[in-house]
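Topology and contacts: notes
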Amino acid sequence: MYALLNVKTNKFYRGENKYRNCYEVETFIEAYTFNDIKDAYYKNNLLKEDYRIVTINEAKEMNKLY
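The shown structure was predicted, so the numbers you read here are calculated from the model rather than taken from an experiment. (Residues numbered from 1 in each chain as written. Predicted model: local features only at pLDDT ≥ 70, side-chain atom pairs only at ≥ 80, totals over all residues. Heavy atoms only, no water.)

Let's shift gears to the packing of aromatic side chains. As enumerated under the stated definition, the model contains four aromatic pairs in all. Where F12 meets F28, the ring centres are 5.8 Å apart and the plane angle is 90°; that geometry is what we call edge-to-face. You can see F12 sitting in strand β2 (residues 12–16) and its partner F28 sitting in the loop between β3 (22–25) and α1 (37–46), a full 16 residues away along the chain. Given a relative accessible area of 0%, F12 falls into the buried group. On the basis of relative accessibility, which here comes to 2%, the residue F28 falls in the buried class. (Phe/Tyr/Trp six-rings, centres within 6.5 Å; stacked < 30°, edge-to-face > 60°. Helix = DSSP H or I, 4+ residues; strand = E, 2+ residues; numbered from the N terminus. Buried < 20%, exposed > 50% of the residue type's maximum accessible area, 1.4 Å probe, protein only.)

Within the largest apolar cluster, nine residues are counted, these being A3, L5, F12, V25, F28, A31, V54, A59 and L65. Contacts of A31, omitting those with residues within four sequence positions, involve A3, F12, Y13, R14 and V25. Listed in part, the seven residues of the second largest apolar core include Y13, F34, A40 and L47. (Core = buried A, V, L, I, M, F, W, Y, C linked by side-chain atoms within 4.5 Å. Contact = heavy atoms within 4.5 Å.)

For the rest of this paragraph, the subject is the environment of E26. The residue E26 is located in the loop between β3 and α1 in this model. Judged by relative accessible area, E26 falls into the partly exposed class, the value being 42%. Separated by 24 residues in sequence, E26 and Y2 place their C-alpha atoms 15 Å apart. When residues no more than four places from it in sequence are discounted, the contact partners of E26 are K11, F12 and K64.

Note on placement: N44 falls in helix α1. Residue N44 is classed as buried on the basis of its relative accessible area of 17%. A C-alpha to C-alpha distance of 9.8 Å links N44 and A3, two positions 41 residues apart in sequence. If we skip the residues at most four places from it in the chain, N44 touches L4, Y51 and I53. At a separation of 3.3 Å, a polar atom in the side chain of N44 contacts the main-chain carbonyl oxygen of Y51. (Polar contact = N/O pair within 3.5 Å; in protein donor to acceptor, adjacent residues only side chain to side chain.)

See the structure below:
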């Protein structure tokens, strides 16, 4: 599983509203997750913010899983 982590705010991507404002959450469990890394890269390219792709193991190391 993959999620997008904002580099500036250190929060995970949750979704967008109709005005393309991003919702962000603190934990990996609440974040919007991708099963395929290609889908995560595609969504990362569509967003205006600076996100990086994080795996579930990396989130566990950062203590942001729960």
